[in-house]
Amino acid sequence: MTSVNDIREGYLSFFEKKGHARQPSAPLIPQNDPTLLFVNAGMVPFKNIFTGAETPPAPRATTSQKCVRAGGKHNDLDNVGYTARHHTFFEMLGNFSFGDYFKDEAIAFAWELCTKEFGLDPARLLVTVYAEDDEAADIWKKVAGFNDSRIIRIGTSDNFWSMGDTGPCGPCSEIFFDHGEDVAGGPPGSPDEDGDRFIEIWNLVFMQFNQLAGGARENLPKPSIDTGMGLERIAAVLQGVHNNYDIDLFRSLIAAEEDLYGSKAEGDKLASFRVIADHLRTAAFLISDGVLPSNEGRGYVLRRIMRRAMRHGHLLGAREPLMYKLTPALIGEMGKAYPELGRAKAAIESALEQEEARFQRTLGNGLSLLDKETENMSAGDSLPGQVAFKLSDTYGFPLDLTQDILRSRDMTVDVEGFEAALEEQRAGSRVGGFSSGDQATEEIWFRVRDEAGRTNFGGYSGTEGKGKL
Ligand code: ATP
Ligand code: MG
Ligand code: MG
Ligand code: MG
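Residues numbered from 1 in each chain as written. Chains lettered and ligands numbered in written order. Predicted model: local features only at pLDDT ≥ 70, side-chain atom pairs only at ≥ 80, totals over all residues. Heavy atoms only, no water.

(A) Structural detail: the pairing of strand β3 (residues 89-97). In terms of residue burial, β3 counts as a mostly covered element, since nine of its nine residues are buried. Both faces of β3 are covered, namely the face carrying Phe89, Glu91, Leu93, Asn95 and Ser97 and the face carrying Phe90, Met92, Gly94 and Phe96. Strand direction decides the pairing type here: strand β2 (residues 60-68) and β3, joined by nine bridges, are antiparallel. Among the inter-strand pairings, cysteine 67 is bridged to a residue of β3, identified as phenylalanine 90. Relative to strand β9 (residues 217-230), β3 runs antiparallel, the two sharing four bridges. Pairing of phenylalanine 96 across the sheet is with aspartate 226, part of β9. (Buried < 20%, exposed > 50% of the residue type's maximum accessible area, 1.4 Å probe, protein only. Helix = DSSP H or I, 4+ residues; strand = E, 2+ residues; numbered from the N terminus. Pairing = 2+ DSSP bridges.)

Structure, rendered in structure tokens:
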């Protein structure tokens, strides 16, 4: 079996052989974009090169970029543990042309990597192109021998990528793998495209235009290429499994959890094991890049992720800090590719241990309150905002943690009521009312969410249906 580590290496060395300079992953904290919470795509560190503000290190580059999608426009947090293909932290493999090659080579490279280097069965692949992009459709016909039924045209905003209101933009072409009839879900563009049968493995972006203020678009003098392939998704395909959480890396993390929590990853416990494995990676990588749990900004996003994982740990029976003990297993899997993990081992362990100790002081009581409050509720009901607010204010349950707990009971939170309670408390505290501190946290989170949500950049597609924050 080809391991995740071998697949990463296979991709990078394939593109090295095609004249690309291998570059290390940039840190998760964007170095060039204060509007973005976390790096969420391979092209982010190269933004200034694509706009022409910086000169490229080489005409072609290839990377495996650490990405986090747990806040802002690209928020996959709510999908984790529930779809086969979403993580909050993942690695995006990419090849980039900075005004060098364009569509022809980008598609030819992609096809060669998929079918020759990785040996995928061409019959299981299909692609989307932007509806008006006849050029890309023709290249796919020529390179892959696809007929029209395997080249799905997707209209306007969906397969068209832009960096912002102005600047470089252009059509995309996404490559999908068909995991087979046993899996529910329809092809891209169909009503049930959100299922997990046809999984998007790679996105090719053809940066071809410059969007001017006022609506006009001009051709870029030197069109560029940006691609992103999800390492965990291609690993699932190459290892013959359907779910990303069944790849070697996650199986080994989950095995470490089974030892630690003393139970098996099966039945209704499975989602908890997966969430913990996912959130462990996100937390550890964020900490190793200098983020610590706190009540504001990035630190608060980290705290929310940690507490979510720790609530799942509690479901698995943890009554003392345990999650930090998974750090060595993670370093064992990923420390070679990302040496910063090993260097930050002590920091990761102590941040996880302290956060879990702190949260465990209120977690049990908060859960009892929630059980009591939902006792007479039924599926489809929503929890009063006041209660969600109390859980946040008194017990340190971020709103999305409460929502995550209620999800398994088919219940939601009255978010408007929650915000109103927050507002009331804030007004009260202005006239001298008592404030325990955690409500300020939610307030900051909502501000961060709104600000991040307003930025225009957000990975590749405009088709985000699920991350609702
Ligand atoms: P999806 O439609 O499945 O949510 P996407 O269109 O949002 O994916 P892109 O922004 O195009 O994803 O990112 C490029 C590639 O990164 C995708 O083709 C996919 O392989 C991978 N990817 C995106 N989001 C995630 C995630 N949350 N977890 C794991 N891999 C991801
Ligand atoms: Mg995409
Ligand atoms: Mg997509
Ligand atoms: Mg997405």
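(B) Focus on the site of ligand 1. Of all residues adjacent to ligand 1, which total 19 residues, the nearest are Arg69, Asp76, His86, Glu200 and Asn203. Here histidine 87 contributes a backbone N or O atom positioned 2.9 Å from a nitrogen atom of ligand 1. Measuring from an oxygen atom of ligand 1, one finds a side-chain N or O atom of asparagine 203 at 2.8 Å. Isolated, ligand 1 exposes 590 Å² of accessible area, and the fraction of that covered by the protein chains is 96%. Sorting the residues of the shell around ligand 1 by element identifies β3, β8 (198-211) and β9 as the ones contributing at least two each. Broken down by element, the shell around ligand 1 gets its largest block of residues, four residues, from β8. (Near = heavy atom within 4 Å. Polar contact = N/O pair within 3.5 Å; in protein donor to acceptor, adjacent residues only side chain to side chain. Areas by Shrake-Rupley, 256 points an atom, 1.4 Å probe, with all protein chains shown as cover.)

(C) Structural view of the nonpolar core. By size, the foremost hydrophobic cluster in this structure holds 113 residues, and its most contacted members are Trp140, Trp202 and Ile234. Of the residues forming this core, the biggest block, 10 residues, is contributed by helix α7 (residues 270-288). Apart from the residues lying within four places of it in its own chain, the contact partners of tryptophan 202 are Tyr11, Phe15, Asn95, Ala110, Leu113, Cys114, Ser173, Glu174, Ile175, Thr227, Gly228 and Met229. Grouped together as the second largest cluster of nonpolar side chains are 20 residues, Val44, Phe90, Trp161 and Cys172 included. (Core = buried A, V, L, I, M, F, W, Y, C linked by side-chain atoms within 4.5 Å. Contact = heavy atoms within 4.5 Å.)

(D) Looking closely at unusual backbone geometry. Look at aspartate 410: it is not a glycine, yet its phi comes out positive at around 65 degrees. With respect to the helices, strands and loops of the structure, aspartate 410 is situated in the loop between α13 (399-407) and β11 (412-413). Residue class for aspartate 410 comes out exposed when judged on its relative accessible area of 53%.

(E) Spotlight on the packing of helix α8 (residues 297-315) against helix α11 (residues 345-374). Look at α8 against α11: their axes get within 9 Å of each other, and the N-to-C directions meet at 60 degrees. Comparing their axes, α11 and α8 come out oblique. Seen along the crossing, α8 lies across α11 with a hand that is right-handed. Here Arg303, Met306, Arg307, Met310, Arg311 and His314 of α8 lie close against α11, whose contacting residues are Ala351, Leu352, Glu355, Glu356, Arg358, Phe359, Leu363, Gly364 and Leu367. (Axes fitted to C-alpha atoms, helices over the stretch in contact; angles between N-to-C directions. Parallel < 35°, antiparallel > 145°, perpendicular 65-115°, else oblique. Left-handed = near helix turned anticlockwise from the far one by under 90°.)

(F) Inspection of the packing of aromatic side chains at higher detail. Enumeration according to the criterion identifies 21 aromatic pairs in this entry. Ring centres 4.2 Å apart and planes at 10 degrees place the aromatic pair phenylalanine 89 and phenylalanine 285 in the stacked group. Taken as a pair, phenylalanine 89 in strand β3 and phenylalanine 285 in helix α7 lie far apart in primary sequence, 196 residues in all. Classification of phenylalanine 89 as buried rests on a relative accessible area of 0%. By relative accessible area, which is 0% here, phenylalanine 285 ends up buried. Here the aromatic rings of tryptophan 140 and phenylalanine 146 are separated by 6.1 Å at their centres, their planes lie at 20 degrees, and the arrangement is stacked. Taken as a pair, tryptophan 140 and phenylalanine 146 share a single burial class, namely buried. An aromatic cluster is defined as three or more aromatic residues linked by ring pairs; in this entry it consists of Tyr11, Phe14, Phe15, Tyr101, Phe109 and Trp202. Just above the ring of phenylalanine 209 sits the side chain of arginine 217; from NZ or CZ to the centre is 5.7 Å. When the ring centre of tyrosine 82 is taken as reference, the NZ or CZ atom of arginine 407 above it lies at 3.6 Å. (Phe/Tyr/Trp six-rings, centres within 6.5 Å; stacked < 30°, edge-to-face > 60°. Lys NZ or Arg CZ within 6 Å of the ring centre and 35° of its normal.)

(G) Fine view of the environment of proline 398. With respect to the secondary-structure elements, proline 398 resides in the loop between α12 (385-395) and α13. A residue is classified by how much of its surface remains accessible, and proline 398, at 3% relative accessible area, is buried. Taking C-alpha positions, proline 398 is 27 Å from alanine 256, a pair spaced 142 residues apart along the chain.

(H) Geometry of the pairing of strand β4 (residues 125-130). Across the six residues that make up β4, a large majority, six, are buried. The side-chain alternation of β4 yields two buried faces, one formed by Leu125, Val127 and Val129 and the other by Leu126, Thr128 and Tyr130. Note that β4 and strand β7 (residues 167-178) share five bridges and pair antiparallel. Looking across to β7, one finds that threonine 128 is bridged to glutamate 174. Judged from the four bridges that link them, β4 and strand β5 (residues 151-154) form a sheet pairing that is parallel. Within the sheet, the bridge partner assigned to threonine 128 lies in β5 and is isoleucine 152. The parallel pair β4 and β5, bridged by helix α4 (residues 134-144), forms a crossover whose chirality is right-handed. (Right-handed = clockwise from strand over helix to strand, strands pointing away.)

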